[in-house]
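Close look at the chain arrangement
Listed below are the residues making up each chain.
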Amino acid sequence: LMIGGVNFLQYMAASYSLRGSRKMFPNSYPPPHNGLNPQFVYYKDFNTYLARFQYLSGETVPDGKTLLLHPYTSCKCQTTSDFRHHDEMAADYYSPGDFIYKDATIAAIVNAMQAMNRSFQFGFEEVLGEATAQDGKLLLCGSVYEVIILPGVDYITDRTAKLLQEFAAQGG
């Protein structure tokens, strides 16, 4: 997880079991995170280990030169009438299978990038408003991208289209 960019883990409910008498009142639910948990004696060591990784991950500057653009705008266009130009056509176009396909496409690209040991970052159109194209590279919030992947993207905003056209015209 840490290598993939996750820099925070939070304990949630991790009960032993929710079956039988242990779930009945007055004993209530089993104690997941306290001294009755046999692994509790290792929590300090485990938390110290996680804290060091979280610090290291948080201080690391990503060097991914590939931006994977999430198809948020496409999904929004397919499900929200505010974005539809022709409601009846958009209603015919929408189906849950479209979203399953988009999810599967993104998952396949992420798995392929990880298998090739290529670092990448996810991007959303909302933050591309701050991006500029320069010398065939996309500059965004201190990061420099040489490749942009658009998985399952059917619709993009005019601003994003203009930015991608500039990026491509410069050799990106």
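Everything discussed here concerns the structure shown above.
This is a predicted model, so every value here is computed, not measured.

1. Describing the overall build of the protein chain
From N to C terminus, the protein chain includes 6 helices and 6 strands. Reading the helices (α) and strands (β) of the protein chain from amino to carboxyl end gives α-β-α-α-α-β-α-β-β-β-β-α. A total of 172 residues make up the protein chain; the buried ones form 28% of that total. For the protein chain, the proportion of contacts with a sequence separation of at least 24, taken over those separated by at least 6, is 63%. Accessible surface, the protein chain: about 12100 Å² in total, of which carbon and sulfur atoms supply 58%.

2. With respect to the nonpolar core
Of all hydrophobic cores here, the largest spans 12 residues; its members are Leu-67, Leu-69, Leu-128, Ala-131, Ala-133, Leu-138, Leu-140, Tyr-145, Ile-148, Leu-163, Leu-164 and Phe-167. Those elements that place two or more of their residues in this core are strand S1 (66-69), strand S4 (137-140) and helix H6 (158-169). Residue contacts for Leu-67: discarding those within four places in its chain leaves Gln-121, Phe-122, Gly-123, Leu-128, Leu-138, Tyr-145, Val-147, Ile-148 and Ile-149. Counting 6 residues, the second-largest nonpolar core is a separate cluster that includes Leu-68, Ile-109, Met-113 and Phe-120.

Cut-offs applied
- Residues numbered from 1 in each chain as written.
- Predicted model: local features only at pLDDT ≥ 70, side-chain atom pairs only at ≥ 80, totals over all residues.
- Heavy atoms only, no water.
- Helix = DSSP H or I, 4+ residues; strand = E, 2+ residues; numbered from the N terminus.
- Buried < 20%, exposed > 50% of the residue type's maximum accessible area, 1.4 Å probe, protein only.
- Contact = heavy atoms within 4.5 Å.
- Areas by Shrake-Rupley, 256 points an atom, 1.4 Å probe, with all protein chains shown as cover.
- Core = buried A, V, L, I, M, F, W, Y, C linked by side-chain atoms within 4.5 Å.

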